[in-house]
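# Tertiary structure, described
Chain by chain, the residues run as shown.
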Amino acid sequence: MAPAVPGCRALGSSDEEDFVIQERGAVVDDSETFDGQAGGGADAAVQTAVDAVGGVDGVGGVDGDEAAVATAPASVAVPVPSYDDVQYQDTESAAEMWKTGAMGVVALGALAGLGFFGHKMFKSQAPKVQQAMQDRQFAKESQQRLNDFLSQLRNQPTADLSAKNLGGGQDEGFCYVVDALSFNERLVAVDFSKNAIGPVGAQQLAQALSSNTALKNLVLDTNNIGDEGVAALATSLAGGSQVKTLGLGSNGIGDAGINALAEMLKSNTVIESIELNSNSIEDVAGLCEAIRVTTSLKRLNLSDNYIEDGQSLASALKENASIEELVLSGNSLGDEGVIAVCEALKQRQGANLKVLELANVSISPEAMGAISDLVSACSTLETLNLSMNEWGDGGAFKLGTALENAKNLVNLDCSAASLEAPGAMALASGLKGHSDLKKLDLSQNPIGQAGVASIVDVLKHDMNVEVLKLAWCNNGENAEQIGQLIMYNTTIKELDLRGNSLKDNGMIWIARSLRESQLDLNKLNVAYNDIQDDGAVSLAQSLKHNPDSAPRDLNITSNMLTRMGQVALTEALDQVFDMAKREMVINF
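What comes next concerns the included structure. Computed from a predicted model, the values in this text were never measured in an experiment.

## Side note on the packing of aromatic side chains
Enumeration according to the criterion identifies two aromatic pairs in this entry. Relative to Phe192, the ring of Phe174 has its centre 5.0 Å away and its plane inclined at 90°; by these criteria the two rings are edge-to-face. Of this pair, Phe174 sits in helix 4 (residues 172–178) while Phe192 sits in the loop between strand 2 (189–191) and helix 5 (199–209), and the two are 18 residues apart along the sequence. In this pair, the class of Phe174 matches that of Phe192, namely buried. Ring centres of Trp472 and Tyr528 lie 5.8 Å apart, and the angle between their planes is 40°; on these two criteria the pair is classed as tilted. On the criterion of sequence distance, the pair formed by Trp472 in the loop between strand 12 (467–469) and helix 15 (480–488) and Tyr528 in the loop between strand 14 (523–525) and helix 17 (533–545) is long-range, its members being 56 residues apart.

Right under this line is the structure:
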């Protein structure tokens, strides 16, 4: 019997189909291929096992006899790693892998953290970056705009820089462009109104004006110059300035500011017009002193302030012979103050009064006597505004008589004066033959059809009125008289008939007249008249029939039109353009 290979045990004979080589749990099936032969039998398996442990025929200490038994089926041992060794190696590899994986996870976590932090940083900083870019672009565009304005001031004789947002804050934009006025010999007129310019900007302007001898017209209306800014301007204008027209309306100027301007007027012999409307002026004592001595001032606008001292104004005006245009509307002068002013103006020697505006000064029929005497005595009067005062028919009787002598009158505003038909008739009688009259406003007076008819009778043939306002005069549906005016008058360019309850019948009267009219109307206003589709369709047909007299601006808002009426007028608009090449605008 052949000796057993150490570490192996016999499992079967050669008759058995399978044998197992087992070493510490390792099992090999004899069906496996050895030396490249599949299913070579037990001999091949034994030979392979012998070759694994030693040579044959004396090799490895085995003689020939002993080698002979190698051909017989026997148990063969193949050394394999122990379970503990494998387990140890696996544990060590797993530890290394776990360590590497852990480091990878940590690295990925760090990268993720950095990415998250970067995203948060970008997200938080992106608006700031975007805003910074926008600010830079805005600054660039603003600088370009300012340079354009600067170029206008330097290279053009006139410049309109109104509402350009130059002021505000410390008036940096205005201060930048206004330097162009220094030693500027080309610019003669500039408009800086509606720019929110404050005292700082006014001071910079004053400094620029000190070296400017060419500028004639300076408009600064609707800013925030205030008393401080006006004081700086007044100091500059008192020198060698050549500014003739100065606009300072709506600038928050109070008594301190008007006193500074008054001191300037005492020494300035160039300025001819000052607009001080819509400020906060109450005390005019200092201004009155300047009015007494000035010889150049021709226009003074003090409207919409808080002046009540008409007596002081009257006293100063009596000694002044230069003022030709006086605007005192919107001050609480009352009957006493207005009477004093009118008497003073009448007594002036060598004065040619052209404009007198006394709207909304709280007067009654009592003051109309003094006003009428002034109108009758002043043949040079061109504009008279007595609106928004309740002088009614009693005052109209006095004024009507005075108007007979005011042949040079161009503009008469008697709106909202509580007139009725008799008062309208009195005014119409006084206006006969006034060929210079261009504008007449009798709106917001309940004069009715009779009053409207009296005005129409005067205007439809022998007068040259271009603007006629009869809004809210209670004319009613019978618009025959208005129709006759449209048909026969040839000079009216603007007709205001708002709020007269014309309805469809009145609109049809007007539409029929437009068919035969020779007017070159710019504006026709029939808003607030309860006009429906029938009236609108009639008007549309007339516009198509006589496109040459179609109004360029038709206001038919606040009526009762449906889509049918609007479509009819829109089609007429298109046809007017096709036939007469006349552009129309319709406000629905």
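Having seen the model, we can carry on.
## Focus: the nonpolar core
Of all hydrophobic cores here, the largest spans 142 residues; its most connected members are Phe192, Leu218, Trp391 and Leu399. The residues contacting Leu218, other than those within four sequence positions of it, are Val190, Phe192, Leu205, Leu209, Val243, Thr245, Leu246 and Gly247.

## Description of a nonpolar patch on the surface
Residues Leu108, Leu111 and Leu114 make up a contiguous nonpolar surface patch of roughly 350 Å² in combined accessible area. In this structure Leu108 comes out as exposed when scored by relative accessible area, which is 57%.

## Here we look at a negative patch on the surface
Together, Glu282, Asp283, Glu308 and Asp309 make up a region of like negative charge exposed at the surface. Locating Asp309 in the fold gives a position in the loop between strand 6 (299–301) and helix 9 (310–318). Asp309 sits in the partly exposed class, given a relative accessible area of 34%.

## Thoughts on the packing of helix 8 (residues 285–293) against helix 9
The geometry of helix 8 relative to helix 9 is characterised by a closest axis approach of 8 Å and an angle of 15° between their N-to-C directions. The angle between helix 8 and helix 9 falls in the class roughly parallel. For the element pair helix 8 and helix 9, the recorded crossing hand is right-handed. Facing helix 8, whose interface residues are Cys288, Ile291 and Arg292, helix 9 presents Ser312, Leu313, Ser315, Ala316 and Leu317. Of the residues in the contact of helix 8 with helix 9, the class split is five nonpolar, two polar and one charged.

## What about helix 17?
Given a rise of 1.5 Å per residue, 13 residues ought to cover 18 Å, and the 18 Å separating the end C-alpha atoms of helix 17 matches this to within 8%. Every buried residue of helix 17 is accounted for by Asp533, Gly535, Ala536, Ser538, Leu539, Ala540, Ser542 and Leu543. If you follow the buried residues of helix 17, they end up packed against helix 16 (503–516), strand 15 (553–555) and helix 18 (563–580).

Reading the values: the criteria
Residues numbered from 1 in each chain as written. Predicted model: local features only at pLDDT ≥ 70, side-chain atom pairs only at ≥ 80, totals over all residues. Heavy atoms only, no water. Phe/Tyr/Trp six-rings, centres within 6.5 Å; stacked < 30°, edge-to-face > 60°. Helix = DSSP H or I, 4+ residues; strand = E, 2+ residues; numbered from the N terminus. Buried < 20%, exposed > 50% of the residue type's maximum accessible area, 1.4 Å probe, protein only. Core = buried A, V, L, I, M, F, W, Y, C linked by side-chain atoms within 4.5 Å. Contact = heavy atoms within 4.5 Å. Patch = residues over 30% accessible without salt bridge, like charges linked within 9 Å, V, L, I, M, F, W, Y side chains within 5 Å. Areas by Shrake-Rupley, 256 points an atom, 1.4 Å probe, with all protein chains shown as cover. Salt bridge = Lys/Arg side-chain N within 4 Å of Asp/Glu carboxyl O. Lys, Arg positive; Asp, Glu negative; His and termini not counted. Charge placed at Lys NZ, Arg CZ, Asp CG, Glu CD. Axes fitted to C-alpha atoms, helices over the stretch in contact; angles between N-to-C directions. Parallel < 35°, antiparallel > 145°, perpendicular 65-115°, else oblique. Left-handed = near helix turned anticlockwise from the far one by under 90°. Nonpolar A, V, L, I, M, F, W, Y, C, P; charged D, E, K, R; others polar. Expected span 1.5 Å × (residues − 1).

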